[in-house]
Amino acid sequence: MRYEVVMGLEVHVELSTESKLFCSCSAKFGADPNENTCPACVGMPGFPPIINKRAIELAIAAGIVTNCTVSDIISFDKKNYFYPDLPTGYQTTQFFAPICTDGWVELESGKRITLKQIHIEEDAGKLVHEPRSRISLVDLNRASVPLIEIVSNPDFSSADEVTEYLDKLRLLLSFAGVSDCKMQEGSMRCDINISVREEGSKQLGTRTEIKNMNSLKAIARAIEYESQRHIDALETASEELVQETRRWDDDIGMSYSMREKVGEADYRYVPDPDIMPIHIGANWVESVRESLPEPAHEKYERMTAELGLPVHDSKVISGSQTLSRIFDEALTIAGKAKQVLNWIIGELLAIAKDLNISDDDIDIDAAKFASIIMLVDGGKINRSVGKKVLEKVFSDDVEPEVYIEEHSLGMVSDTGFLESAIREVLAENEKSVEEFRGGSQKVFGFLVGQAMKKTAGKADPRSVNELLRKMLAE
Amino acid sequence: MPIAICGIAIDARNDHPFSWSFCAKKLTKGMVINVSYKAIISSSIMQKGKSATAGSKMLENFISPIDATVVENIEALIDVEIVGVGAMDEFGVGGLFGEPSRALADDGVVGIVASRDVDFALCNDYTGAISRAAAQYGLCYIHPTYGTVSRYGLIPAVSSIDQIGVLSKSPEGCFNGLKMIAGYNSKDGAMPVDYMIQAVKNDDEMVKRDVKDITVTELKPKFAEVYTQIMQIICCAEFSNNISRYDGVKYGYRAKDYNGLQEMYMSTRTEAFGEDVKLAAILGTMVLSHENYTKLYDKAMRLRRLIMDSMKFDTYDVVVGRGDDSNALILLSRLCGLPSITIRDCTYVANKCWESTLEAVCDMLESNAK
């Protein structure tokens, strides 16, 4: 028997707003426990919710880049359940009138993954369990941080399609400024609804939902495991498949049931009377559309077709919102697209890789980066000094010109100084000089290196090369 | 069911509406108003650094971190003083099922205004029980248009009805109190901004108009026979949502003995909630449950919409009812967010934001009655 997998995705994306959905607390990641809280977001009575307008704009932007229809009027609803990380006892979400409906994201193959809807909701806090003292602590920093949930139709038939879709989504949303979409930090999370049926069958099989995957690799592994579990169950009747939510454990490579109670939870969805319905209207949607930055695929087009840059490198730059931003800003200051591109691909990414920093996490002042490129290009410093300064800018955010001045790293082009340095080298390495004169080209490189060392790396290698050759010939 | 005088519609139409003018006429900060007022607030209105219990054991140790907007408004006025806090029934929900006995006690909001030297009380009479009790005690209560008084700092009960109103010995007391607290405030997201801004612009035009040419017709409000049931369904549903925040995790009461999370929730709520609260919470979760939502909650909301739509105020400006009709009109104003004033056994209802008309009509009718 041949089987096919049918999957639908629910992707949660944390919106890049400064503040939370209903209060002015910071929505930034990484504060001390409960640092970003106020009476409103810890659920005290007497604080009616005031909705964050920016969150709505970002959700509209998400709808635009995924080809959705943005609703004219939206409203909010309460989803009721009790858990200590949910301060009010209900989650504010959009059940009856979501902000966006009916969109699609196109894969490389031309297949379109259709979207059912995008809705806005608030995040919950988190529980920190301390097993030794047997107590649990509540951290409400994330409580009421705005999210969107992007719900796809069951259009996926392989793990590759799922990972490609998620990567596309990450690009679309990060370029539109909707979210930084970092799976490892939890700002992009994905739940997968999965079922298996006989190939060609019209009927969908029993569906399970898998949660808790925090990387694309984990998602691929979870899909592989879960679809095999379904097939095994169908073929050998080893276990009965039930509709349930399962948690993926990437360390042991298994999913296990999260069900605690028999029967489906009743969330008692009800319109939220504290938030008035909001009229969005075509003008608002248009103004958001006009404010959207260049999307990834257009940037790629511009880099290859207009700027004539290599395909592979352009793909790397346009595959990251951060790199694209650095490229654009540095290009504006330094000009010379080719140079800027080479410095990013050749030097910046190498430094980041050594420090184990991913492309999107590179945090560098593009203006300083551009000034290094210009200093090298203008012959003020040589390339290897440039690279050293870049490392310094990367680690300590130093001012390139000041750093070069303070450490006297400026390029030495004073021929008299170079000549005396080379003379010293020649005197110290008589044996090598003889070997060279005897016909060995190998030692030439060694002598260049010695001369560079004498000048503490500040000399222009080309000048050293020329001068050395001239002096050896004497 | 004999409907004796089911509402008299009074046509006191003026050239153009006073819409919101009333709110904008709000007294401004630091204003001296020459008459000194003593006010009390109910314990569901928060005062910074003071306890705000809403009559519940759940909040017996809850100290408010802020001043409610209405408290700020009152305190900004010279000559008006908040002299105390009046007791109330637990979250005011008892009024759904019977009499507000706690509010009627000597230290309750109604009891204090009725028997002591206090000019008015601020409280949230979302069930209508305070208005009915006021009638028995010869007092008056004004329930303003939904959204005209900020609910920032009001412990919520039924969000789609919650509205701070004024209890006083006379209609003037009610309207004067209302002028001190009504007005747009950005901390309450359910206040309709556009109307408010319009009102402030027209500030100069705002004068109380004389009522002329009164004509009277009879009006039979739609679905009056099921107001009570609709109120109970909607109130219980929203009430159950609003009290779900009280779980003993973050603030308020927490049971001493429990084993595990479920038991902590159960013991905390069992010990700290009274019978009426438990009843309302259970009924609320029932009407919102998957199997009852369409049958009960959704149906009640549809009826509420039909009732709202039926109150057109096209050929009449104010609806008046006495006795049972008065009680029905109290519920009507709660369901539709309409302003109403109960004066002894009569209730007057006007269209949204027409408090000025209400005031003019009351003035005239009351002075005629004298």
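**Q** If you had to explain the overall build of chain B to someone new, which residues and values would you point to?
**A** Within chain B, the secondary structure is distributed over 13 helices and 10 strands. Counting contacts in chain B only where the partners sit at least 6 residues apart, residues at least 24 apart contribute 72% of the total.

**Q** Account for the environment of Glu238 of chain B, with residues named and values stated.
**A** Summarising the element assignment, Glu238 of chain B is placed in helix H8 (residues 227-242). When the C-alpha atoms of Glu238 of chain B and Ser51 of chain B are compared, they prove to be 24 Å apart, with 187 residues separating the residues in sequence. What Glu238 of chain B contacts, discounting residues up to four positions off in sequence, is Pro273 of chain A together with Ala157, Val158, Ser159, Ser160, Tyr297 and Arg304 of chain B.

**Q** Quick rundown of the nonpolar core? Include the residues and the values.
**A** With 62 residues, the main nonpolar core has Ile60, Ile99, Ile148, Ile150, Tyr165, Leu166 and Ile192 of chain A as its most contacted residues. Broken down by element, the residue count for this core peaks at 9 residues, all from helix H1 (residues 53-65) of chain A. Sequence-distant contacts of Ile99 of chain A, defined by excluding residues within four places in its chain, comprise Ile56, Ala59, Ile60, Thr69, Val70, Ser71, Ile74, Gln94, Ile118, His119, Ile120 and Ile280 of chain A. Residues Cys236, Tyr246, Phe273 and Val349 of chain B belong to the second largest nonpolar core, which totals 60 residues.

**Q** Tell me about the packing of helix H12 (residues 415-428) of chain A against helix H15 (residues 461-473) of chain A, and name the residues and values.
**A** All names here are of chain A. Where H12 contacts H15, the axes come no closer than 10 Å and their chain directions differ by 55 degrees. Overall, the two elements H12 and H15 adopt an arrangement that is oblique. The way H12 lies across H15 gives a crossing that is right-handed. In this structure, H12 uses Thr415, Leu418, Glu419, Ile422, Arg423 and Leu426 to contact H15, whose residues at the interface are Ser463, Val464, Leu467, Leu468, Met471 and Leu472. The class makeup of the residues in the contact of H12 with H15 is 8 nonpolar, 2 polar and 2 charged.

**Q** Before we move on, can you summarise the interface of chain B and chain A with the specific residues and values?
**A** Counting residues at the interface gives 36 residues for chain B and 30 residues for chain A. On the chain B side of the contact with chain A, Asn241, Arg245 and Lys250 of chain B bury the most area, a combined 19% of that side's loss. Across the contact surface, chain B and chain A share 1 salt bridge. A salt bridge links Arg151 of chain B to Asp274 of chain A; its shortest N-O distance comes to 3.3 Å. Scanning the region where chain B abuts chain A turns up 13 residue pairs in polar contact (both at pLDDT 80 or more). Here the side of chain B that touches chain A is built from residues that sort into 18 nonpolar, 11 polar and 7 charged.

**Q** So what about the sheet that holds strand E2 (residues 69-70) of chain A? Which residues, and what values?
**A** All names here are of chain A. A sheet is described by the order of its strands in space; here 9 strands give the open sequence E2-E6-E7-E10-E1-E11-E12-E13-E14, paired in mixed fashion. The open sheet has two free edges, formed respectively by E2 and strand E14 (254-257), since each of these has just one partner strand. As judged from the 4 bridges shared by strand E11 (residues 188-198) and strand E12 (residues 208-213), these two strands associate in the antiparallel manner. Residue pairing in the sheet places Ile192 in a bridge with Ile210 of E12. Along the sheet, helix H2 (residues 159-175) contacts strand E1 (3-14), strand E6 (100-106), strand E7 (112-122), strand E10 (146-152) and E11; its crossing angle with E1, the most-contacted strand, is approximately 20 degrees. Relative to the sheet, helix H3 (residues 216-236) contacts E1, E11, E12, strand E13 (244-249) and E14, its axis offset from that of E11 by approximately 25 degrees.

**Q** Please give an account of the pairing of E11 of chain A that cites residues and values.
**A** Residue and element names in this part refer to chain A. Most of E11 sits inside the fold, with 9 of its 11 residues counted as buried. For E1 and E11, the ladder comprises 11 bridges, and the chain directions are antiparallel. Residue His12 lies in a different strand from E11, and its bridge partner there is Arg189.

**Q** Mind laying out the sheet that holds strand E4 (residues 77-80) of chain A, listing which residues take part and the relevant values?
**A** Taken in spatial order, the 3 strands make up an open sheet running E5-E4-E15 (chain A), and their pairing is antiparallel. One side of each edge strand has no neighbouring strand; the edge strands of this open sheet are strand E5 (90-93) and strand E15 (270-271) of chain A. Where H8 of chain B meets the sheet, it contacts E4, E5 and E15 of chain A, and its direction lies at approximately 65 degrees from that of E4 of chain A.

**Q** How would you summarise the packing of helix H6 (residues 311-318) of chain A against helix H7 (residues 321-334) of chain A if you had to cite specific residues and measurements?
**A** Residues and elements named next belong to chain A. Relative orientation of the contacting elements H6 and H7 amounts to 110 degrees, with a least axis distance of 6 Å. Between H6 and H7, the interaxial angle falls into the category roughly perpendicular. Side by side, H6 and H7 meet where Val316, Ile317 and Ser318 of the first sit next to Leu323, Ser324 and Phe327 of the second. Class assignment for the residues of the contact of H6 with H7 results in 4 nonpolar, 2 polar and no charged.

**Q** Describe in detail the environment of Thr53 of chain B, supporting the description with residues and values.
**A** Residues and elements named next belong to chain B. Looking at the secondary structure, you find Thr53 in the loop between strand E2 (32-42) and helix H2 (69-75). In this structure Thr53 comes out as buried when scored by relative accessible area, which is 18%. Among all residues touching Thr53, those that are not within four sequence positions of it are Ser43, Leu59 and Glu60.

**Q** Quick one: what's the story with the pairing of strand E9 (residues 340-343) of chain B, residue by residue and with numbers?
**A** Working note: regular strand, side chains alternate between the two faces of the sheet. Residue and element names in this part refer to chain B. Both faces of E9 are covered, namely the face carrying Ser340 and Thr342 and the face carrying Ile341 and Ile343. Looking at chain direction, strand E5 (residues 140-143) and E9 are connected through 4 bridges and run antiparallel. Bridge assignment links Ile142 to a residue of E9, and that residue is Ile341. Pairing between E9 and strand E10 (residues 346-350): 4 bridges, direction antiparallel. Looking at E10, one finds that Ile343 is bridged to Cys346.

**Q** Outline helix H6 (residues 171-181) of chain B, listing residues and values.
**A** Along H6 of chain B, 9 of the 11 residues are buried, which leaves the element largely enclosed by surrounding structure. Phi turns positive, to about 140 degrees, at Gly183 of chain B, one or two residues after H6 of chain B.

**Q** Can you break down the side chain of Arg142 of chain A residue by residue, with the values?
**A** Residues and elements named next belong to chain A. In this structure, Arg142 sits in the loop between strand E9 (135-139) and E10. By relative accessible area, Arg142 is classed as buried at 15%. For Arg142, the side chain forms a polar contact with the main-chain oxygen of Ala27, separated by 3.2 Å. Other than its neighbours up to four places away in sequence, Arg142 contacts Glu14, Ala27, Lys28, Phe29, Asp123, Ala124 and Gly125.

**Q** Run through the packing of aromatic side chains, naming residues and quoting values.
**A** Tallying each qualifying case throughout the model produces 18 aromatic pairs over all chains. Both rings, one in Tyr267 of chain A and one in Tyr269 of chain A, keep their centres 6.1 Å apart while their planes meet at 65 degrees; by these two values the pair is edge-to-face. Measuring from ring centre to ring centre gives 6.0 Å for Phe91 of chain B and Phe239 of chain B, while their planes differ by 65 degrees; the resulting arrangement is edge-to-face. Taken together, the residues Phe91 of chain B in the loop between strand E3 (78-86) and helix H3 (101-104) and Phe239 of chain B in helix H8 connect sequence positions 148 residues apart. With respect to class, Phe91 of chain B is no different from Phe239 of chain B; both count as buried.

About the thresholds
- Residues numbered from 1 in each chain as written.
- Chains lettered and ligands numbered in written order.
- Predicted model: local features only at pLDDT ≥ 70, side-chain atom pairs only at ≥ 80, totals over all residues.
- Heavy atoms only, no water.
- Helix = DSSP H or I, 4+ residues; strand = E, 2+ residues; numbered from the N terminus.
- Contact = heavy atoms within 4.5 Å.
- Core = buried A, V, L, I, M, F, W, Y, C linked by side-chain atoms within 4.5 Å.
- Buried < 20%, exposed > 50% of the residue type's maximum accessible area, 1.4 Å probe, protein only.
- Axes fitted to C-alpha atoms, helices over the stretch in contact; angles between N-to-C directions.
- Parallel < 35°, antiparallel > 145°, perpendicular 65-115°, else oblique.
- Left-handed = near helix turned anticlockwise from the far one by under 90°.
- Nonpolar A, V, L, I, M, F, W, Y, C, P; charged D, E, K, R; others polar.
- Buried area = accessible area lost by both parts, 1.4 Å probe.
- Salt bridge = Lys/Arg side-chain N within 4 Å of Asp/Glu carboxyl O.
- Polar contact = N/O pair within 3.5 Å; in protein donor to acceptor, adjacent residues only side chain to side chain.
- Pairing = 2+ DSSP bridges.
- Phe/Tyr/Trp six-rings, centres within 6.5 Å; stacked < 30°, edge-to-face > 60°.

The values reported here are purely geometric and, on their own, carry no functional implication.
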